[in-house]
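Close look at the chain arrangement
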Amino acid sequence: MKRVYNFSAGPSMLPEAVLRQAADEMLDYQGSGQSVMEMSHRSKVYESIINEAESLLRSVMSIPDNYKVLFLQGGASSQFAMVPLNLMNGSGKADFVITGQWATKAQKEAARYGEANIVASSKDKTFTYIPQLDPDTFTKDADYFHICLNNTIYGTKFHQLPDTGNVPLVADISSCILSEPIDVSKFGLLYAGAQKNMGPAGLTVVIVREDLIGKARDITPTMFDYQIHADNGSMYNTPPCYAIYICKLVLEWLQNTIGGLEAMKEINERKANILYSFLDNSQLFKGTVVAQDRSLMNVPFVTGSQELDAKFVKEAEAAGFVNLKGHRTVGGMRASIYNAMPQEGVEKLVAFMRQFEADNR
Ligand SMILES: *Cc1c(COP(=O)(O)O)cnc(C)c1O
């Protein structure tokens, strides 16, 4: 069996121990005589899987009791509509910081339902930095303030949260959830597609303060109403059963093997440092993001020559380092080094880059 180092931005690597356990349990989950894929979601055995996934997520992320955890479908992209439908219910206004494509999509979708103000943007420099924010420019009576905490495509991250006062802060954390501790109480709502750091695609996690739900607009489709999902324990309809099960295994791995989010953060910092310090000292490769806004998860870089970029991606793939091509809108390369990427994978990538540099100067 051959496993590659997969630097994909998502879907991305899963911990090998998780895949092995899933393989072991594929035909007979804990003596039930069934695969988790085949189970009724209303069965006792499945109920314990989803309940365990929620309680693990609550403990790993230290989610306060006054927050609901919802296991939904539709991807983070559905949240671009679900958030305004449920939360744009007062002034009908919301503020947005435009730090990349996902933030832009969230703003554009919200603009269909209300006033979606742009308070700052880093589009002028291809989203290579996080813009400075001035709270005086924030909409005082906004129903929420939206950020994309980690910008998957451009490799930036908010290292400081905006001070939005009483306006609930909403964040897309698709590509940084579970990568380090996060103070959930600072947010009104958090959402994430699972396929970056939690499990397979098909599961979307929403963590929302209780007092923000139950006020969805009349036109809100039933399936887009947080209250419906909260009232039904994420089982109003069939949930993404198997993806939730894998997510549970990932959370067990995080808690028991890694030792929680503080430990995960240390590992992720170590991995990112290996790559960033190489980039900072390389004569050929260069990171594209200003140093203080760098992401721990997504590391874009270039050689300065499109031909060399293409050559690098091709040779890296042949050597077992796959999915290093940058996003089609950015070009160059991007190494996504999510939780499941072992330090060894980053070290080997850097060694490969060093050799490529020596061979191509
Ligand atoms: C991947 C990603 C999305 C899109 O997620 P889908 O689940 O494909 O809808 C949105 N936001 C961020 C930050 C992402 O990384």
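Structure shown above.
All of the points below concern the structure found in this document.

Definitions and cut-offs
- Just so you know, the residues in each chain are numbered from 1, in the order the chain's sequence is written.
- With pLDDT at 70 or above as the cut-off, local features in this predicted model cover only qualifying residues; side-chain atom pairs require 80 or more to be listed or tallied, and sums for whole chains, interfaces and linings still use all residues.
- Think of the side-chain values as coming from all heavy atoms in the structure, minus any hydrogens and water.
- Runs of E in the DSSP output that reach at least two residues are strands. Runs of H or I that reach at least four are helices, and both are numbered from the N terminus.
- Relative accessibility decides the category of a residue: with a 1.4 Å probe and only protein chains considered, values under 20% of the type maximum give buried, values over 50% give exposed, and everything between is partly exposed.
- Here a strand pair is declared whenever DSSP counts at least two bridges between the two strands.
- Any residue with at least one heavy atom within 4 Å of a molecule or strand is counted as near it.
- Here a polar contact means two N or O atoms within 3.5 Å. Within protein one must be a hydrogen donor candidate and the other an acceptor candidate, and residues neighboring in sequence count only if both atoms are side-chain atoms.
- Only protein atoms enter the 1 Å grid, on which a cavity is a set of points fitting a 1.4 Å probe that cannot get out and a pocket is an open set with protein on both sides within 12 Å along at least 5 of 7 lines, lining residues being those with an atom within 4 Å of a point.
- The rule for placing a molecule in a cavity or pocket is simple: more than half of its atoms must lie within 2 Å of the grid points.

1. A short note on unusual backbone geometry
Between Gly10 and Pro11 the backbone carries a cis peptide bond, its omega angle lying at -10°. Looking at the secondary structure, you find Pro11 in the loop between strand 1 (5-6) and helix 1 (16-24). If you check the backbone angles, Leu178 has positive phi at about 70° while not being a glycine. Turning to its location among the elements, Leu178 is positioned in the loop between strand 8 (169-172) and strand 9 (189-193). Classification of Leu178 by relative accessible area gives buried; the value is 1%. Positioned with a positive phi, Asn323 is a non-glycine residue whose angle comes to about 65°. Tracing the backbone shows Asn323 in the loop between strand 13 (321-322) and strand 14 (333-336). The partly exposed category is assigned to Asn323, whose relative accessible area is 43%.

2. Let's talk about the pairing of strand 12 (residues 298-302)
The buried count for strand 12 comes to four of five residues, which makes it a mostly enclosed element. The pairing of strand 11 (residues 286-287) with strand 12 spans two bridges and is antiparallel. When the bridges of strand 12 are listed, Gly287 appears paired with Phe301.

3. Describing the site of the ligand
Taken together, 13 residues lie near the ligand, and Ser77, Thr152, Asp172, Gln195 and Lys196 sit nearest. Thr152 places a side-chain nitrogen or oxygen 2.5 Å from an oxygen atom of the ligand. Measuring from an oxygen atom of the ligand, one finds a side-chain N or O atom of Lys196 at 2.6 Å. Taken atom by atom, the bulk of the ligand overlaps the largest pocket.

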